Amino acid sequence: MRSMGTAAMLRAAGVGAGDEVIVPAFGNVEVADAVAQAGATVVFADIDPATYCLDPHAIEAVMTPQTAALVVVHRFGRTADMVRLRELGQRHELLVLEQGESEAPYDEIAQRRERAAYLDGRLSGVRTPVSGDGHTYQQYVVRVPGNGRPDRDAFARAVRARGVECRVPVKTPVHRLPGFRRDVQLPETERAADETLSLPVDGALTKREMQRIVAACNALGGLLQPAF
């Protein structure tokens, strides 16, 4: 579902001016843009730290009588807890929309899972992803714990210097961006934005490249002394 599709679906359901729509701040701005295009008010809720998707408890914490809908975004190949989220929507008579990710061929997903398992068993000094049922590892997102963003960013620079491509998956949460800035408490969103790093896991990686990833991360990870 694209952002314009989200806006159209909200409007088709009668969601607009005077209504509130709950969305995650951890991710792209397009979802919040779609809510604004529909004329509704954006409300941010915190994420589950394992899935990086909306946390049902956090949704209930920010609901008001004006809440009309929520937009669930699946992240990094891990799906949100749709059973609980749909039940929440039914209980409060909310429209529940899902925004998925591009699907990959089965063979590619199998290769990603194989490489993810290799990294899971060998990486130290970083927190490996919580696997979960059906994880497709569209991105292999680890945590680099420490004293905030400088530690993660310094780690990323050092890993790149050792020949390993990596990237920060969400540089700035949407509630920090101009136009959607909110004075809200989203501790898991903030922590994820400061700690997460995406490492290569695609099916084209060779065994030697995987070994390089592990060697680079493990050589640096011990310096961080993470509080697990």
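Structural data are supplied above this passage.
Now for a quick tour of the structure. Computed from a predicted model, the values in this text were never measured in an experiment.

Reading the values: rules and limits
Residues numbered from 1 in each chain as written. Predicted model: local features only at pLDDT ≥ 70, side-chain atom pairs only at ≥ 80, totals over all residues. Heavy atoms only, no water. Helix = DSSP H or I, 4+ residues; strand = E, 2+ residues; numbered from the N terminus. Rg over C-alpha atoms; globule rule 2.2 N^0.38 Å. Buried < 20%, exposed > 50% of the residue type's maximum accessible area, 1.4 Å probe, protein only. Areas by Shrake-Rupley, 256 points an atom, 1.4 Å probe, with all protein chains shown as cover. Lys, Arg positive; Asp, Glu negative; His and termini not counted. Charge placed at Lys NZ, Arg CZ, Asp CG, Glu CD. Pairing = 2+ DSSP bridges. Axes fitted to C-alpha atoms, helices over the stretch in contact; angles between N-to-C directions. Contact = heavy atoms within 4.5 Å. Core = buried A, V, L, I, M, F, W, Y, C linked by side-chain atoms within 4.5 Å. Polar contact = N/O pair within 3.5 Å; in protein donor to acceptor, adjacent residues only side chain to side chain. Disulfide = S-S within 2.5 Å. Expected span 1.5 Å × (residues − 1).

Counting secondary structure elements, the chain contains eight helices and six strands. The linear arrangement of helices and strands in the chain, starting from the amino end, is α-β-α-β-α-β-α-β-α-β-α-α-β-α. Relative to its length of 228 residues, the chain is compact, with a C-alpha radius of gyration of 19 Å against a globular reference of 17 Å. Looking at the chain residue by residue over its 228 residues, the buried ones come to 49%. Looking at the chain as shown, the accessible area adds up to about 11100 Å², and 48% of this sits on carbon and sulfur atoms. If the 27 positive side-chain charges of the chain are averaged to one point and the 29 negative ones to another, these points end up 7 Å apart.

Before going further, it helps to spend a moment on unusual backbone geometry. Backbone geometry places Tyr52, a non-glycine residue, at a positive phi of 65°. Counting through the fold element by element, Tyr52 comes out in the loop between strand S2 (41-45) and helix H3 (56-62). For Tyr52, a relative accessible area of 8% corresponds to the buried category. One non-glycine residue, Tyr137, adopts positive backbone phi at about 55°. Structurally, the position occupied by Tyr137 is in the loop between helix H5 (106-122) and strand S5 (140-143). Tyr137 sits in the buried class, given a relative accessible area of 5%.

This part covers the sheet that holds strand S1 (residues 20-24). The four strands lie next to each other as S2-S1-S3-S4, forming an open sheet whose pairing is parallel. The two strands at the open ends of the sheet, each matched to only one other strand, are S2 and strand S4 (95-99). If you compare each strand with its neighbour and ignore which way they point, the axes differ by 25° on average. Bridge analysis of S1 against S2 gives five bridges, and the strand direction is parallel. From the neighbouring strand, Val21 faces S2, where its bridge partner is Val42. Strands in contact with helix H2 (residues 30-37) are S1, S2, strand S3 (67-73) and S4; relative to S2, the strand with the most contacts, it is inclined by about 145°.

This next bit is on the pairing of strand S6 (residues 196-199). Neither face of S6 is open: one carries Thr196 and Ser198, the other Leu197 and Leu199, and all of them are buried. Note that S5 and S6 share four bridges and pair antiparallel. Considered in S6, the bridge of Val141 is made with Ser198.

Further remarks concern the nonpolar core. By size, the foremost hydrophobic cluster in this structure holds 26 residues, and its most contacted members are Leu119, Leu123, Tyr140, Phe155, Leu197, Leu199 and Ile213. Secondary structure elements with two or more residues in this core: H5, S5, helix H6 (149-161), S6 and helix H8 (207-221). Residue contributions to this core peak at six residues, all from H8. The residues contacting Tyr140, other than those within four sequence positions of it, are Ala116, Leu119, Asp120, Leu123, Thr128, Pro129, Leu197, Ser198, Leu199 and Val201. Val15, Ala38, Ala68 and Phe180 belong to the second largest nonpolar core, which has 20 residues in total.

Mapped onto the elements of the fold, Arg143 is located in strand S5. Within the local environment of Arg143, its side chain forms a polar contact with the backbone oxygen of Pro49, the two atoms lying 3.2 Å apart. Separated by 3.0 Å, the side chains of Arg143 and Tyr52 make a polar contact. If sequence neighbours within four positions are ignored, Arg143 has contacts with Pro49, Tyr52, Val126, Arg127, Arg191, Ala192, Glu195 and Thr196.

Let us look at the state of the cysteines. According to the stated counting rule, one finds zero disulfides in the structure shown. Lacking any disulfide linkage, Cys217 is separated from the closest cysteine sulfur, that of Cys166, by 7.6 Å.

Time to look at H5. Taking 1.5 Å of rise per residue, 17 residues should cover 24 Å, and H5 covers 25 Å from first to last C-alpha, within 8% of that figure. Those residues of H5 lying buried are Ile109, Arg112, Arg115, Ala116, Tyr118 and Leu119.

For the rest of this paragraph, the subject is the pairing of S3. Summarising burial for S3: seven of the seven residues are buried, a large majority. Where S1 meets S3, three bridges bridge the pair, whose relative direction is parallel. Considered in S3, the bridge of Ile22 is made with Leu70. Pairing geometry for S3 and S4, over five bridges, is parallel. When the sheet's bridge partners are listed, Ala69 is paired in S4 with Leu95.

Remember, this is a structural readout, not a statement about activity or role.
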